[in-house]
Amino acid sequence: MPTFFERRQLVTPGDLLAEGDYVAGENTFKEDDKIYATRVGLVDYEDKKVSVVALRAFYIPRVGDTVIGTVVDVGFSGWTVDINSPYLALLRASDVLNRPFKPQKNDLTEVLDVGDLVVAKIVSYDRTHNPQLSVNEPGLGKITRGQIVKVTPTKIPRVIGKKGSMISMIKQETGCHIILGHNGLILITGKSLEDEELAMMAIHKIEEESHTTGLTDRIFQMIKREKEKRELVKNESKN
Amino acid sequence: MSQKTEKLIDKKGLRLDGRKPDELRPIKIEVGVLSNADGSAYIEQGKNKILAAVYGPKELHPKHMALPDRMVLRCRYHMAPFSVQERKSPAPSRREIELSKVIREAIEPAIFVEYYPRTTIDVFVEVLQADGSTRCTSITAASLALADAGIPMRDLVAACSAGKIEDTIVLDLMDMEDKVGTADVPVAYMPNLGVITLLQMDGILTTEEFEKAVNLAIEGCKKIYAMQKEALKAKYVSVKEVEE
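Residues numbered from 1 in each chain as written. Chains lettered and ligands numbered in written order. Predicted model: local features only at pLDDT ≥ 70, side-chain atom pairs only at ≥ 80, totals over all residues.

### Comments concerning the overall build of chain A
At step 1: Helix and strand counts for chain A stand at five helices and 16 strands.
At step 2: Summarising its shape, the C-alpha atoms of chain A cover approximately 65 × 60 × 25 Å along the three principal directions.
At step 3: Of all 239 residues assigned to chain A, the portion counted as buried reaches 36%.
At step 4: Considering only intrachain contacts with a sequence separation of at least 6, the fraction spanning at least 24 residues in chain A is 54%. (Helix = DSSP H or I, 4+ residues; strand = E, 2+ residues; numbered from the N terminus. Buried ≥ 20, exposed ≤ 12 C-beta atoms within 10 Å, placed from the backbone. Contact = placed C-beta atoms within 7 Å.)

### Some remarks on the overall build of chain B
At step 1: Helix and strand content of chain B: five helices and 10 strands.
At step 2: A compact globule built from 244 residues should have a C-alpha radius of gyration of about 18 Å, and chain B, at 18 Å, falls within 12% of that.
At step 3: Overall, chain B is about 55 × 50 × 35 Å in size when its C-alpha atoms are taken along their principal axes.
At step 4: Here chain B holds 244 residues, and 45% of them are scored as buried.
At step 5: Pairs at least 24 residues apart make up 69% of the contacts formed inside chain B by residues separated by at least 6 positions. (Rg over C-alpha atoms; globule rule 2.2 N^0.38 Å.)

### Quick look at the interface of chain A and chain B
At step 1: Taken together, the contact between chain A and chain B spans 25 residues of the former and 26 residues of the latter.
At step 2: Here the side of chain A that touches chain B is built from residues that sort into 13 nonpolar, seven polar and five charged. (Nonpolar A, V, L, I, M, F, W, Y, C, P; charged D, E, K, R; others polar.)

### Quick word on the pairing of strand 9 (residues 195-199) of chain B
Residues and elements named next belong to chain B.
At step 1: Direction of pairing for strand 8 (residues 183-190) relative to strand 9: antiparallel, over a ladder of four bridges. Its bridge partner being in strand 9, valine 187 is matched across the sheet by leucine 199.
At step 2: Linking two consecutive strands that pair antiparallel, namely strand 8 and strand 9, is a turn of four residues; a positive phi of about 70 degrees is found at glycine 194 within it. (Pairing = 2+ DSSP bridges.)

### A word on the environment of alanine 130 of chain B
At step 1: On the secondary structure map, alanine 130 of chain B appears in the loop between strand 5 (119-129) and helix 2 (134-148).
At step 2: C-alpha of alanine 130 of chain B to C-alpha of asparagine 36 of chain B: the two residues are 94 residues apart in sequence and 25 Å apart in space.

### What to know about the domain arrangement of chain A
How large an interface is tends to be reported as the accessible area lost when its parts come together.
At step 1: Along its sequence, chain A is organised into domain 1 (10-54), domain 2 (66-142) and domain 3 (147-231).
At step 2: The gap between the C-alpha centroids of domain 1 of chain A and domain 2 of chain A is 37 Å. (Domains from an automatic or database assignment.)

### Focus on the environment of isoleucine 111 of chain B
Residues and elements named next belong to chain B.
At step 1: Along the chain, isoleucine 111 falls in the loop between helix 1 (94-107) and strand 5.
At step 2: Between the C-alpha atoms of isoleucine 111 and glutamine 85, which are 26 residues apart in sequence, the distance is 35 Å.
At step 3: If sequence neighbours within four positions are ignored, isoleucine 111 has contacts with Leu73, Leu146, Ile151 and Met153.

### Quick look at helix 4 (residues 207-234) of chain B
Since the α-helix turns once every 3.6 residues, residues separated by three or four places project in the same direction.
At step 1: Counted at 1.5 Å a residue, the expected span for helix 4 of chain B with its 28 residues is 40 Å, and the 41 Å between its end C-alpha atoms agrees.
At step 2: On the buried face of helix 4 of chain B, the contacting elements are strand 1 (27-31), helix 2, strand 6 (158-165), strand 7 (168-171) and strand 8 of chain B. (Expected span 1.5 Å × (residues − 1).)

### Structural notes on the sheet that holds strand 3 (residues 23-24) of chain A
Within a beta sheet, neighbouring strands are joined by backbone hydrogen bonds and run either parallel or antiparallel to one another.
Residues and elements named next belong to chain A.
At step 1: Pairing in this open sheet of four strands is mixed, and the strands run 1-6-7-3 from one edge to the other. Two strands in the sheet have a free side with no partner beyond their single neighbour: strand 1 (10-11) and strand 3.
At step 2: In terms of strand pairing, strand 3 meets strand 7 (residues 49-54) through two bridges, oriented parallel. Bridged to valine 23 within strand 7 is lysine 49.

### Topic: the nonpolar core
As a rule of thumb, soluble globular proteins bury nonpolar side chains together.
At step 1: Among the nonpolar cores identified, the biggest contains 85 residues, and Ala52, Ala145 and Ala159 of chain B are the most heavily contacted of them.
At step 2: Apart from the residues within four sequence positions on either side, alanine 145 of chain B is in contact with Gly39, Ser40, Ala41, Ala52, Ala53, Val54 and Val123 of chain B.
At step 3: Counting 37 residues, the second-largest nonpolar core is a separate cluster that includes Tyr87, Ala120, Ala202 and Ile206 of chain A. (Core = buried A, V, L, I, M, F, W, Y, C linked by C-beta atoms within 7 Å.)

### A few points about the sheet that holds strand 15 (residues 177-180) of chain A
All names here are of chain A.
At step 1: With respect to topology, three strands assemble into an open sheet ordered 14-16-15, the strand pairing being antiparallel. A single partner strand is all that each edge strand has here, and the edge strands are strand 14 (147-150) and strand 15. This sheet shows a mean twist of 20 degrees between the axes of neighbouring strands, independent of strand direction.
At step 2: In this structure, strand 14 lies alongside strand 16 (residues 185-189), joined through four bridges in antiparallel fashion. (Axes fitted to C-alpha atoms, helices over the stretch in contact; angles between N-to-C directions.)

### A short note on the confidence of the model for chain B
Reading fine detail from the predicted coordinates is not recommended where pLDDT is low.
At step 1: Chain-level statistics for chain B give a pLDDT mean of 92 and a share of 95% at 70 or above.
At step 2: Listed scores for the predicted complex are pTM 0.90 and ipTM 0.88. (pLDDT = per-residue confidence, 0-100.)

### Section: unusual backbone geometry
Excluding glycine, a negative phi dihedral is what most residues carry, and trans is how most peptide bonds are arranged.
At step 1: Omega for the peptide link from glycine 56 of chain B to proline 57 of chain B comes to 0 degrees, which places this bond in the cis form.
At step 2: Look at the link from histidine 61 of chain B to proline 62 of chain B: it is a cis peptide, with omega at 0 degrees.
At step 3: You will see that aspartate 33 of chain A, though not glycine, has its phi angle at about 70 degrees, which is positive.
At step 4: The topology assignment puts aspartate 33 of chain A in the loop between strand 4 (28-31) and strand 5 (34-37).
At step 5: We note that lysine 163 of chain A has phi near 50 degrees; this positive angle belongs to a residue other than glycine.
At step 6: Tracing the backbone shows lysine 163 of chain A in the loop between helix 2 (156-160) and helix 3 (165-174).

### Some thoughts on the packing of helix 3 of chain A against helix 5 (residues 215-238) of chain A
Residue and element names in this part refer to chain A.
At step 1: Relative to each other, helix 3 and helix 5 sit at 10 degrees, their axes nearing to 10 Å. It follows that helix 3 is roughly parallel to helix 5 by the angle criterion. On the side of helix 3, the interface is formed by Ser165, Met166, Met169, Ile170, Glu173 and Thr174, while helix 5 contributes Thr216, Ile219, Phe220 and Ile223.
At step 2: Split into classes, the residues belonging to the contact of helix 3 with helix 5 amount to six nonpolar, three polar and one charged. (Parallel < 35°, antiparallel > 145°, perpendicular 65-115°, else oblique.)

Quick look at the structure:
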């Protein structure tokens, strides 16, 4: 039962990763006891599970995921939302308004219009139906202010870090409120534009260096340095 | 109009461009050359210059064309007006429409079409300069563009032609050899799975010659496959370096 690569080695589609009694994880497929990669990425062997962390992928909806999307169409009873995925999501008016409404009377564009951004949760999705969204939870709904950063959906786990270590550190250091959409969009809202920029910088750095170790510490140092630099500039302008 | 002005194989057994019968043309591959497409690849095989771009998966419009149980793969093979010696009309010709279908069917077995129902992938292949066996070179480029777009694939598809010129079975025909030679056998192959996804023959070959040509083409595909992998990894080398 051999494996053919080292952990974290770069593989391409079709590479034979393992043979024998293994379980095919993400981005792999099994055929006659052989496990092959299906995407470009880094292999991971975990006990009997073989998976590939994809370097490039698109977002496939999953029930329970938090996503950030753009309204692309307003219909009679709801909105169509682009969630950065092959499938468009639906958001029903009855879900947003929380009260009975009549399409003849209520104008849905007053609530959400084309181009508006929303944070929502996926409540249902399967192969035969497009995902349905809900904003019926605290923290969800229309985005009124903040910055949006887009990263590859596969890198969201890296931005979260081990048990949320990375994201909580960034939140603490920059004082920003950050919402991670599983579809690769990140919303940052802070007290000032400077704080938001700092958090954006950190996230871009994570995306670029997502495969390195000890990244949390380095991001921490970077934020600290940036803060000091800005403090200096501020003091100078005062003097 | 058969003008056999020069011999295709000289006394030393070398071809017009100095290759041995079982030698490929020099190949240069680059992945991710276009920033607006989801995935892209550029390949130079001898004088062939081909660009492939991939969009998707995305919702299919018009919607009635979408399939409820699988993804629709669409492909357009197109030759630029300046790709051949006489200006080619940019309108799709009969040949281009046929090649679009051939390329689509050669790359489809590599894609998990049943994973993402009701969606589509668009593949665009643009021949900038043509010098024989463009369908094979196009397949090689298209499969790389798909992998670059992050589309799950069973294997990369490598393609290569073999043929017969002056009673010799040769690998990777160029334009002149294709036109003057007696037979042309394009083959697309998934080396890790050992699956042939395209096999055509134009011309006359005996059974033994045909078998020899197919085997030779498969060997060529394996060599191209190694180059494909290298090119795909080269795009992410920077990522790896940081890691170490």
